[in-house]
Amino acid sequence: MSVTYIDAIREAQETLLRNDPRVFIYGQDIATFGGAFKATKGLAEMFPGRVFDSPISEDAMVGLAVGAAIEGLRPIVEMQFADFSTIAFNQIVNQAATHYYRTGVPIPITVRLPSGGTPGSGPFHSQSLEGIYAQYPGLIVLTPASVSDAYHMLIDAVALDDPVVYCEHKFLYRWLKAKSINGDHLPIGQARIIRQGKHATVVAYSAMVHEAVRAADRLQQDGWEIEVVDLRSVKPLDIDTVLASVARTGRLLALGESFPWGGVTAEVVARVSGEGFHLLDAPPQRLNARDTPVPYHPKLWAAHRPTPESICQALRKLLAY
Amino acid sequence: MLCGRILENKLSSLYKAGKIVGGVHLGRGQEAVSATLGTALIQGKDIFAALIRDQAGRTAFGEPLIDCTRTYLGSIEGPMRGRDGNIHRGRPDHGTPAMISHLGAQVSLVTGMLFARRLKGTLDGCVGATCIGDGATSTGSFHEGVNMAAVEKLPLVLIVANNQFAYSTPNTRQFACVDLVERARGYGIGGFSVDGTDLFACVSVITEAILRAREGRGPQMVVARLLRLCGHGEHDDGFYVPNDVRNDHYGRDCIEAAMRQLVEHKIATVDEISAWQDEIAEEVQRAVAQAQQEAAPDPYQEDWSSLVTRFPLSNNHSAA
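Cut-offs applied
- Residues numbered from 1 in each chain as written.
- Chains lettered and ligands numbered in written order.
- Predicted model: local features only at pLDDT ≥ 70, side-chain atom pairs only at ≥ 80, totals over all residues.
- Helix = DSSP H or I, 4+ residues; strand = E, 2+ residues; numbered from the N terminus.
- Rg over C-alpha atoms; globule rule 2.2 N^0.38 Å.
- Buried ≥ 20, exposed ≤ 12 C-beta atoms within 10 Å, placed from the backbone.
- Contact = placed C-beta atoms within 7 Å.
- pLDDT = per-residue confidence, 0-100.
- Pairing = 2+ DSSP bridges.
- Axes fitted to C-alpha atoms, helices over the stretch in contact; angles between N-to-C directions.
- Nonpolar A, V, L, I, M, F, W, Y, C, P; charged D, E, K, R; others polar.
- Right-handed = clockwise from strand over helix to strand, strands pointing away.
- Left-handed = near helix turned anticlockwise from the far one by under 90°.
- Domains from an automatic or database assignment.
- Core = buried A, V, L, I, M, F, W, Y, C linked by C-beta atoms within 7 Å.
- Expected span 1.5 Å × (residues − 1).

## Side note on the overall build of chain A
Of the regular secondary structure elements, chain A holds 12 helices and 14 strands. Taken against the 2.2 N^0.38 rule, which gives 20 Å for 321 residues, the C-alpha radius of gyration of chain A at 19 Å falls within 12% of a compact globule. Counting only C-alpha atoms and orienting by the principal axes, one finds that chain A spans roughly 60 × 40 × 35 Å. The buried share of chain A, reckoned over its 321 residues, is 59%. Partitioning the contacts of chain A with sequence separation of at least 6, the portion at a separation of at least 24 is 79%.

Here it is in structure tokens:
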């Protein structure tokens, strides 16, 4: 018996619908069809009147959720792809994110973004937008990398009184399996050291955590011990765990799948440089996707995002400094 | 109506005297429409998402004058506590959402409030109303919101004040249909047209639209034709409004027209109206004076947090 990452997300939503009458799910093709990725499979039948097919209206989907949150409900909005959330950008960053600060009335909505690249998905079904949303005050941005986190962080997201952008990675949906959804259930906002090492720290999140581990396995054959930190939530950013790791290793590589200009990896490097400059034995490095749209062809795609090879290369350069 | 006009005249003076920072945008010429809506809605039951030119409607719906003056003058005591200003105010948990500047965005928000009430079983004949201008009907957000409300068959009342100019852009550069009310048919919702300068007509049409929504007949759109009798904001003299437009029927002042109607129908005398004006002017003065003497927000006391959640969360935090 094993549980996939997408099973965990579906399971979390079932748990939420069962335990909290304030929860409903709104999104495209999520009722009868069960969602483009089957994250809501069977839920509309199990919970009549709680899981709704939406018109293709991302802006209005989030607007509706904000209104429902004002009235005390806890909506989950499923974007069919993270990329399409740009249509809802205004409602997320201007309506939902500013609301509590402006009015004192919290907006407990969870917007699920099927994020990241998969082979053949191309420029408009592959994006990683966590850095864009994290830029805005008033949002919590989560990027689970494990089956257990996919489950528990979604449960926790809905319990939070603030708007949450929950970035679930499409590549992990069926590829990532675990024996059960049980885990250490760290609180939101706390990073996890998933591999201990002493020569360099890789700070990653979402699918890149697994690529970092692969790279660390390869370098281990040459005697290098690489520590891997899974941020889990990119906002808030658990800089204390990162700094503690860098204090042990003296070297930092910040790794992300999104576009290279700015973003989460830039924030990590800026924070470590500012708060932990004295801990560093080498200039902190970043590795991101390339500065082009995400390409369609699997060969191009595989070279667009960081890979175990490119991560190893970056780490070797860092270790040689 | 009168209260909206007198209050806004005062706000304009304060702005011109440099006492209000940011913008001041008036509802001059739209008071008949806005006040009718605010009056016809039931405070404490219905939802009213006012927009930029709805001072008259806000007051009619029961917003205290002091909420307005505190927000414009930046008092820490106001509903927005200096964190937002002017027309961007409301008490969302009391049925009055606070608008954002991005036009059309309130349509789906009100739809969501109604959706939630239906889900909770508390809809109970209430309606949600929002106002919008001719310009905002060109936004994607407007289209998405109206269509969604129609699909969900919710009691949304949408008042489109076609004041002929979106900032400086005339209707001819905004839409190509003959009348915006034609869109109602496309959305599958109720559609009404009304002369927005005629108070009696507004009362009759807007009341009917609200009634239909309340009866469960889905969203209702009212397109009110009128003219904005000022610039977009008080920084703008509206020079681009041609004289023939100013001088045609819709260029008349709805308040003057309403006063004549009241006197003709012997609902009020000129003296009574004059007394109302004096009384309102005093109330406005009191609200301004009180807000002016209140403290401004203190950057050193501000908590500078945009989240309810306070991180770090403890290890035993468990929502499941």
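Structure shown, so let's carry the discussion forward.
## Quick look at the overall build of chain B
A count of helices and strands for chain B gives 11 helices and seven strands. For 320 residues, the compact-globule formula gives about 20 Å, and the C-alpha radius of gyration of chain B, at 20 Å, lands near that figure. Overall size of chain B, expressed as C-alpha extent along the three principal axes, is 70 × 50 × 40 Å. The proportion of buried residues among the 320 residues of chain B is 49%.

## With respect to the confidence of the model for chain A
Summary statistics for chain A give a mean pLDDT of 98 and a share of 100% for residues scoring 70 or more. The secondary-structure element of chain A with the lowest mean pLDDT is helix H11 (residues 298-304) of chain A, recorded at 96, while strand S4 (residues 74-78) of chain A shows the highest, at 99.

## Some points on the sheet that holds strand S3 (residues 51-53) of chain A
Residue and element names in this part refer to chain A. The seven strands are arranged S3-S2-S4-S5-S7-S6-S12 in an open sheet whose pairing can be described as mixed. Sheet topology places S3 and strand S12 (233-235) at the edges, where each strand pairs with a single neighbour. Within the sheet, the average angular offset between the axes of one strand and its neighbour, ignoring direction, is 20 degrees. Packed onto the sheet, helix H3 (residues 58-70) meets strand S2 (23-27), S4 and strand S5 (110-115) and runs at close to 170 degrees relative to S4.

## Some words on the environment of Arg-225 of chain B
All names here are of chain B. Within the secondary structure layout, Arg-225 lies in strand S7 (residues 220-225). Placed 28 residues apart in sequence, Arg-225 and Thr-197 show a C-alpha to C-alpha distance of 7.5 Å. The residues contacting Arg-225, other than those within four sequence positions of it, are Asn-162, Asp-195, Gly-196 and Tyr-250.

## Considering the interface of chain A and chain B
Counting residues at the interface gives 41 residues for chain A and 41 residues for chain B. Mapped by element, the contributors of at least two residues to the side of chain A that touches chain B are H3, helix H4 (89-103) and helix H6 (147-159) of chain A. Ranked by residues supplied to the side of chain A that touches chain B, first place goes to H3 of chain A with nine residues. By residue class, the composition of the side of chain A that touches chain B is 21 nonpolar, 14 polar and six charged.

## Description of helix H2 (residues 31-40) of chain B
Across the 10 residues of H2 of chain B, 10 count as buried, placing the element largely inside the fold. When we look at burial in H2 of chain B, the residues that qualify are Glu-31, Ala-32, Val-33, Ser-34, Ala-35, Thr-36, Leu-37, Gly-38, Thr-39 and Ala-40 of chain B.

## Structural notes on the pairing of strand S10 (residues 200-204) of chain A
All names here are of chain A. Summarising burial for S10: five of the five residues are buried, a large majority. The two faces of S10 match: Ala-200, Val-202 and Ala-204 on one face and Thr-201 and Val-203 on the other face are all buried. With five bridges joining them, S10 and strand S11 (residues 226-230) adopt parallel strand pairing. Each residue of the ladder has a partner; that of Val-202, found in S11, is Val-228. With respect to chirality, the unit in which S10 leads through helix H8 (residues 207-220) into the neighbouring parallel S11 is right-handed.

## Some words on the packing of H3 of chain A against helix H6 (residues 140-152) of chain B
Two numbers describe how H3 of chain A lies on H6 of chain B: the axes approach to 8 Å, and their chain directions differ by 65 degrees. Where H3 of chain A crosses over H6 of chain B, the two elements pack in a sense that is right-handed. Within the contact between the two elements, H3 of chain A uses Asp-59, Ala-60, Gly-63 and Leu-64 of chain A and H6 of chain B uses Gly-140, Ser-141, Glu-144, Gly-145 and Met-148 of chain B. In terms of residue class, the contact of H3 of chain A with H6 of chain B is made up of three nonpolar, four polar and two charged.

## Some details on the domain arrangement of chain A
All names here are of chain A. Taken domain by domain, chain A holds domain 1 (3-178) and domain 2 (192-320). Facing the 25 residues of domain 1 at the interface are 22 residues of domain 2. Residues belonging to the side of domain 1 that touches domain 2 are distributed by class as follows: 13 nonpolar, 10 polar and two charged.

## Section: the sheet that holds strand S1 (residues 47-49) of chain B
Residue and element names in this part refer to chain B. Read across the open sheet, the five strands follow the order S1-S2-S3-S7-S6; overall the sheet is parallel. Sheet topology places S1 and strand S6 (190-195) at the edges, where each strand pairs with a single neighbour. Neighbour-to-neighbour, the strand axes of this sheet turn through a mean angle of 20 degrees, independent of strand direction. In terms of strand pairing, strand S3 (residues 156-162) meets S7 through six bridges, oriented parallel. Residue pairing in the sheet places Ile-159 in a bridge with Val-222 of S7.

## Digging into the nonpolar core
Membership of the largest hydrophobic core comes to 191 residues, with the highest contact counts inside it found for Ala-212 of chain A together with Ile-159 of chain B. Element by element, the count of residues in this core is highest for H3 of chain A, at nine residues. Setting aside residues no more than four positions away along its own chain, Ala-212 of chain A makes contact with Val-202, Ala-204, Val-228, Leu-255 and Ile-311 of chain A.

## A look at H3 of chain A
All names here are of chain A. Relative to the 18 Å expected for 13 residues at 1.5 Å per residue, H3 spans 19 Å between its end C-alpha atoms, a close match to the ideal helical length. Of all 13 residues that make up H3, 13 are buried, and the element is covered over most of its length. Positioned one or two residues after H3, Gly-72 has a phi angle of 100 degrees, which is positive.

## Remarks on the confidence of the model for chain B
Of the residues in chain B, 98% have a pLDDT of 70 or more, and the chain-wide mean is 96. Listed scores for the predicted complex are pTM 0.98 and ipTM 0.97.

## Some words on the environment of Thr-207 of chain B
Its location among the elements puts Thr-207 of chain B in helix H8 (residues 199-214). Note: C-alpha distance between Thr-207 of chain B and Thr-39 of chain B (168 residues apart in sequence) is 9.4 Å.

## Points about unusual backbone geometry
Here Lys-235 of chain A and Pro-236 of chain A are connected by a cis peptide whose omega angle stands at 0 degrees. In this fold, Pro-236 of chain A is placed in the loop between S12 and helix H9 (239-249). Cis geometry is found at the peptide bond from Phe-311 of chain B to Pro-312 of chain B, where omega equals 0 degrees. As for its placement among the helices and strands, Pro-312 of chain B is situated in the segment after helix H11 (270-293). Not every positive phi belongs to a glycine, and Asp-29 of chain A is a case in point at roughly 60 degrees. Mapped onto the fold, Asp-29 of chain A is located in the loop between S2 and helix H2 (43-46). Look at Ser-206 of chain A: it is not a glycine, yet its phi comes out positive at around 55 degrees. Its location among the elements puts Ser-206 of chain A in the loop between S10 and H8.

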